[in-house]
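Notes for the structure review
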Amino acid sequence: GGFDNDGDTYIKAVNEFGSCSQLAGFEPIPGNDNNKVRFQIYPNPTAEAIKVKINGDMASSIEYSIMSIDGKVIKAGATKENMFEFGTQQMANGIYVLSITDNNGSQGVQRFEVSR
């Protein structure tokens, strides 16, 4: 991405034929980066459990959901803790998605892998 000669922002995208095309006039959503819940998942990949740590100031509570890669909700709940843990012993090997939403509507999403 960058700016073209007249100052408009642009991004380059790879089309279905593998060549690059330019998307002119692309504007990122203002403030979008500030509306994300930032968190860490470890260990990743995991065999027994994942630990989740919310970075920075946390809202009073968060909702979370773990989904399989095909979109099935495996586990969902809420917590007021900035560190929590999920057991993964009952989950099949594969890629999962953890989605976290705080009470301000900010969201963060990360993938993790269960592997034994």
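Okay, so let's go over this structure. (Residues numbered from 1 in each chain as written. Predicted model: local features only at pLDDT ≥ 70, side-chain atom pairs only at ≥ 80, totals over all residues. Heavy atoms only, no water.)

**Focus: the overall build of the protein**
When its secondary structure is counted, the protein shows zero helices and ten strands. In the protein, buried positions account for 27% of the 116 residues. The long-range share in the protein, meaning contacts at least 24 apart out of those at least 6 apart in sequence, stands at 46%. Taken as a whole, the protein presents about 7800 Å² of accessible surface, with 47% of it coming from carbon and sulfur. (Helix = DSSP H or I, 4+ residues; strand = E, 2+ residues; numbered from the N terminus. Buried < 20%, exposed > 50% of the residue type's maximum accessible area, 1.4 Å probe, protein only. Contact = heavy atoms within 4.5 Å. Areas by Shrake-Rupley, 256 points an atom, 1.4 Å probe, with all protein chains shown as cover.)

**Some details on the packing of aromatic side chains**
Applying the stated criterion across every chain, the model contains four aromatic pairs. Between F84 and F86, the ring centres sit 5.5 Å apart and the planes meet at 90 degrees, which makes this aromatic pair edge-to-face. Comparing F84 with F86 shows no difference in burial state: the two are buried. An aromatic cluster of at least three residues, connected via ring pairs, comprises Y64, F84 and F86. (Phe/Tyr/Trp six-rings, centres within 6.5 Å; stacked < 30°, edge-to-face > 60°.)

**Focus: the sheet that holds strand β9 (residues 94-102)**
Strand pairing in a sheet is mediated by backbone hydrogen bonds. Such pairs are either parallel or antiparallel. Reading across the sheet, the four strands line up as β7-β6-β9-β10 and stay open at both edges, with antiparallel pairing between neighbours. Among the strands making up the open sheet, the edge pair consists of β7 (73-79) and β10 (107-114). Taken pair by pair, the neighbouring strands of this sheet meet at an average axis angle of 15 degrees, ignoring direction. (Pairing = 2+ DSSP bridges. Axes fitted to C-alpha atoms, helices over the stretch in contact; angles between N-to-C directions.)

**So, the sheet that holds strand β4 (residues 39-42)**
Taken together, the three strands give an open sheet; going across it, the order is β4-β5-β8, and neighbouring strands pair in antiparallel fashion. Whereas interior strands pair on both sides, the edge strands pair on one side only; in this sheet they are β4 and β8 (83-87). Adjacent strand axes in the sheet meet at a mean angle of 20 degrees when their direction is disregarded. Note that strand β5 (residues 49-54) and β8 share five bridges and pair antiparallel. For I50, the partnering residue across the bridge sits in β8 and is F86.

**Details of the nonpolar core**
Grouped together as the largest cluster of nonpolar side chains are 17 residues, with contacts concentrated most on V52, L98, I100 and F112. Those elements that place two or more of their residues in this core are β4, β5, β6 (62-68), β8, β9 and β10. For V52, the contacting residues outside a window of four places in its chain are F39, Q40, N82, M83, F84, F86, L98 and I100. (Core = buried A, V, L, I, M, F, W, Y, C linked by side-chain atoms within 4.5 Å.)

**Section: the side chain of S65**
For S65, the position within the fold is in strand β6. Non-local contacts of S65, meaning those with residues more than four positions away in its chain, are made with K75, A76, V97, L98 and S99.

**Concerning the environment of R116**
In this fold, R116 is placed in the segment after β10. A sequence separation of 68 residues divides R116 from E48, and the C-alpha atoms of the two residues are 8.4 Å apart. Those residues in contact with R116 that lie beyond four places of it in its chain are A47, T88, Q89, Q90, M91, A92 and N93. At a separation of 2.5 Å, a polar atom in the side chain of R116 contacts the main-chain carbonyl oxygen of T88. Of note is the side chain of R116, whose polar atom sits 3.0 Å from the backbone oxygen of M91. (Polar contact = N/O pair within 3.5 Å; in protein donor to acceptor, adjacent residues only side chain to side chain.)

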